[in-house]
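# Residue-level structural notes
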Amino acid sequence: QVQLVESGGGSVEAGGSLRLSCAASGYTGSLPCMAWFRQAPGKEREGVASIDSDGNDIYTDAVLGRFTISKDVAKNTLHLQMNAVKSEDTAIYYCAAGTRFCSAIYDSYYSYWGRGTQVTVSS
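Counting restarts for each chain, with residues numbered from 1 along the sequence as it is written. This being a predicted model, a pLDDT of at least 70 is required before a residue's local features are given, and a value of 80 or more before pairs of side-chain atoms are given or counted; all residues contribute to the totals for chains, interfaces and linings. Each side-chain value is derived from all of the structure's non-hydrogen atoms; neither hydrogens nor water enter the calculation.

## A short note on unusual backbone geometry
We count it as follows: Runs of E in the DSSP output that reach at least two residues are strands. Runs of H or I that reach at least four are helices, and both are numbered from the N terminus. Here the term buried applies to any residue with accessible area under 20% of the maximum for its type, exposed to any over 50%, and partly exposed to those in between, with areas from a 1.4 Å probe on protein chains only.
With a phi angle near 50°, Asn76 is a residue other than glycine that sits in the positive phi range. Locating Asn76 in the fold gives a position in the loop between strand E7 (67-72) and strand E8 (77-82). Positive phi, normally seen in glycine, also occurs at Ala84, with a value near 50°. Mapped onto the elements of the fold, Ala84 is located in the loop between E8 and strand E9 (91-98). Ala84 sits in the partly exposed class, given a relative accessible area of 37%.

## Considerations on the state of the cysteines
Put simply, the rule reads: The disulfide criterion is simple: two cysteine sulfur atoms within 2.5 Å.
If you walk through the whole model with that rule in mind, you get 2 disulfides. Two residues share a disulfide in this structure: Cys22 and Cys95, whose sulfurs sit 2.1 Å from each other. As the torsion about the S-S bond is roughly -75°, the Cys22-Cys95 disulfide counts as left-handed. A residue pair is termed long-range when its members are at least 10 positions apart, and Cys22 in strand E3 (residues 18-25) and Cys95 in strand E9 qualify at 73 residues. Residue Cys95 is classed as buried on the basis of its relative accessible area, which comes to 0%.

## Quick word on the nonpolar core
What counts here: Put simply, a nonpolar core is a bunch of buried Ala, Val, Leu, Ile, Met, Phe, Trp, Tyr and Cys residues held in one set by side-chain atoms that sit within 4.5 Å of each other. Working rule for contacts: check all heavy atoms of both residues, and any pair within 4.5 Å makes them a contact.
In this structure, Leu4, Met34, Trp36, Leu80 and Tyr93 are the most contacted members of the largest nonpolar core, which totals 29 residues. Of all the elements in the fold, those that place two or more residues in this core are E3, strand E4 (33-39), strand E5 (46-52), E7, E8, E9 and strand E11 (117-122). Once residues within four sequence positions are removed from consideration, Leu80 is found in contact with Leu18, Arg19, Leu20, Trp36, Val48, Phe67, Thr68, Ile69 and Tyr93.

## As for a nonpolar patch on the surface
Here is the rule we go by: Patch criteria: residues need more than 30% relative accessible area and no salt bridge. Like-charged residues are merged within 9 Å; nonpolar side chains of Val, Leu, Ile, Met, Phe, Trp and Tyr are merged within 5 Å. Shrake-Rupley sampling with a 1.4 Å probe provides the accessible areas, and residues are treated as covered by the protein chains on show and by no other component. By salt bridge we mean one thing: a side-chain nitrogen of Lys or Arg within 4 Å of a carboxyl oxygen of Asp or Glu.
Taken together, the side chains of Phe101, Ile105, Tyr106 and Tyr109 make up a nonpolar region of the molecular surface, amounting to roughly 430 Å² of accessible area. Checked against the element boundaries, Tyr109 lands in the loop between E9 and strand E10 (112-113). Residue classification places Tyr109 among the partly exposed positions, given a relative accessible area of 32%.

Written out as structure tokens, the structure is:
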């Protein structure tokens, strides 16, 4: 099975930037679809962004224009560049991978998940 490990989380000031990474292993070749989800304290998990094998990316309205998802196939690594962060972005961010469908909304599309990395935005 695919193993996903997130990194790059931490504290950042509102309006600042942060770059998250997700190292993937246990899978031959590039993953068909990868995504970022997040869960804030006391709230349901929500989608952030997804990217397919062709590099097509999708973003939820909450992060559109501020976050960018990308992947480095050679390094088997997924990234999330977070710019102009807001207090509402505070959450545990999870890396996810799927084998068929891509979605920045439906977590049921994803079979593999990392343990998450904490992002805290201060104001």
